[in-house]
Amino acid sequence: MSKILVIGAGGQLGTELTKALVNKYGNEAVLATDFQEAARSKFDYCRFETLNIMDKEALASLVQSENITIIYHLAAILSAMGEKNPVQAWDLNMTGLLNVLEIAKEFSIEKIFWPSSIAVFGPNSDKEKTPQKAFKDPNTVYGISKLAGEHWCEYYFNKYRVDVRSIRYPGLIGYKSLAGGGTTDYAVDIYHKAFEQENYECFLSENTYLPMMYMKDAIQATLQLMDAPKEKISVRSSYNISGMSFAPAEIYQSLLPYFPNFKISYAPDFRQAIADSWPNSIDDSVAQQDWNWKPAFDLAKMTADIVENLPLYFNYKAIK
Ligand SMILES: NC(=O)c1ccc[n+]([C@@H]2O[C@H](COP(=O)([O-])OP(=O)(O)OC[C@H]3O[C@@H](n4cnc5c(N)ncnc54)[C@H](O)[C@@H]3O)[C@@H](O)[C@H]2O)c1
């Protein structure tokens, strides 16, 4: 039987992915971990342990004592936070991944999932429909660490046959938790402001297009990639995947049918330069071909789903 370890389970992605893994494999099969003890309260439906991924010995002993066969390594410092603490971001994003890859090699872990990001692209990458193998010149420490991480994953696969699989997620938008310090966080925050009946001041300009993805699609893509037969995985760095592309003005428009009095203003800050260095949209034809990737949500469908579900997770009045 597979035994799955989720590292960084308390974050925006981990909160939803861990639940999806438990739904699929049962609560005995999943161990959620995070270095923050406070994350424990999110996991009343499966076991939780604290684990700091910088502590390789602790990881090794957990993998052994729990007979772990599959690892989802999600702990990272994201783009905007990374620019505030570049050395710390590099440290966590690199040492954390290398600890996981080393342990996977040593203990013959069956499969690893590690997320990369559209932040691997930079100002001189193709902007529209950015291809899988586009030129990459990331200029954030987050992007640099993700690109280096992709190369490490490929290296461990080629050299040691570690079956590590990865997706370059676009900005992720979900309703079960708040966003964790990225450049696309505005697209999560805006729904909360609408429900709080406050005006929203957006930290990106109104026409900044970015690749985005609804969390339900991101979870589906992750499970699909991890289920794909080994021989179908032609990319061992990280797969481009695409969900939707929109600008702040468009997500705002998508909310107006539900919140006609909602107002937005724009005050771009340091995150604008990060957003400007990233693609507007992504070409994911390789993921489509290799493991049949296809997103289910566009902007209108996502907004309808979030407006319906957000009040179930936060203390907001439902919209009829
Ligand atoms: N959210 C997005 O839009 C997005 C987009 C692209 C890629 N990703 C990637 O997906 C992954 C998860 O992102 P997220 O949005 O859930 O991030 P998040 O910041 O919400 O969550 C990260 C989690 O890792 C934990 N963590 C931090 N340091 C740790 C350590 N030393 N040991 C153990 N746990 C630690 C944090 O407590 C947190 O719960 C990251 O690798 C991120 O780069 C996210």
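## Concerning the packing of helix α8 (residues 248-255) against helix α11 (residues 299-313)
Here α8 crosses α11 at 55°, and the two axes come no closer than 9 Å. The orientation of α8 with respect to α11, classified from their angle, is oblique. Taken as a pair, α8 and α11 cross one another with a handedness that is right-handed. Residues Glu 250, Ile 251, Ser 254 and Leu 255 of α8 lie in contact with α11, whose contacting residues are Leu 299, Thr 303 and Val 307. When the residues that make up the contact of α8 with α11 are grouped by side-chain class, the tally is four nonpolar, two polar and one charged.

## Structural notes on a nonpolar patch on the surface
A cluster of nonpolar side chains, namely Trp 152, Tyr 155 and Tyr 160, defines an oily patch on the protein surface of about 270 Å² accessible area. Checked against the element boundaries, Trp 152 lands in helix α5 (residues 141-160).

## Describing the pattern of salt bridges
One pass over the full model with this rule turns up 13 salt bridges. When the shortest N-O distance is used, the salt bridge between Lys 193 and Glu 198 registers 3.2 Å. Its salt-bridge partner being Asp 305, residue Lys 216 comes within 2.5 Å of it at the nearest N-O pair. Placement of Lys 216 in helix α7 (residues 215-227) and of Asp 305 in helix α11 is noted, with a sequence separation of 89 residues between them. The network of salt bridges with common partners includes Lys 3, Arg 47, Glu 49 and Glu 66.

## Quick notes on the sheet that holds strand β6 (residues 116-117)
Across the sheet, which stays open at both edges, the three strands sit in the order β6-β8-β12 with parallel pairing between neighbours. Here the strands that pair on one side only, and so sit at the sheet edges, are β6 and β12 (239-240). Inspection of the sheet shows strand β8 (residues 167-169) paired to β12 by two bridges, in the parallel sense. If you follow Ile 167 over to β12, its bridge partner there is Tyr 239. The sheet strands contacting α7 are β8 and β12, and the helix crosses β8 at an angle near 175°.

Basis of the calculations
- Residues numbered from 1 in each chain as written.
- Predicted model: local features only at pLDDT ≥ 70, side-chain atom pairs only at ≥ 80, totals over all residues.
- Heavy atoms only, no water.
- Axes fitted to C-alpha atoms, helices over the stretch in contact; angles between N-to-C directions.
- Helix = DSSP H or I, 4+ residues; strand = E, 2+ residues; numbered from the N terminus.
- Parallel < 35°, antiparallel > 145°, perpendicular 65-115°, else oblique.
- Left-handed = near helix turned anticlockwise from the far one by under 90°.
- Contact = heavy atoms within 4.5 Å.
- Nonpolar A, V, L, I, M, F, W, Y, C, P; charged D, E, K, R; others polar.
- Patch = residues over 30% accessible without salt bridge, like charges linked within 9 Å, V, L, I, M, F, W, Y side chains within 5 Å.
- Areas by Shrake-Rupley, 256 points an atom, 1.4 Å probe, with all protein chains shown as cover.
- Salt bridge = Lys/Arg side-chain N within 4 Å of Asp/Glu carboxyl O.
- Pairing = 2+ DSSP bridges.

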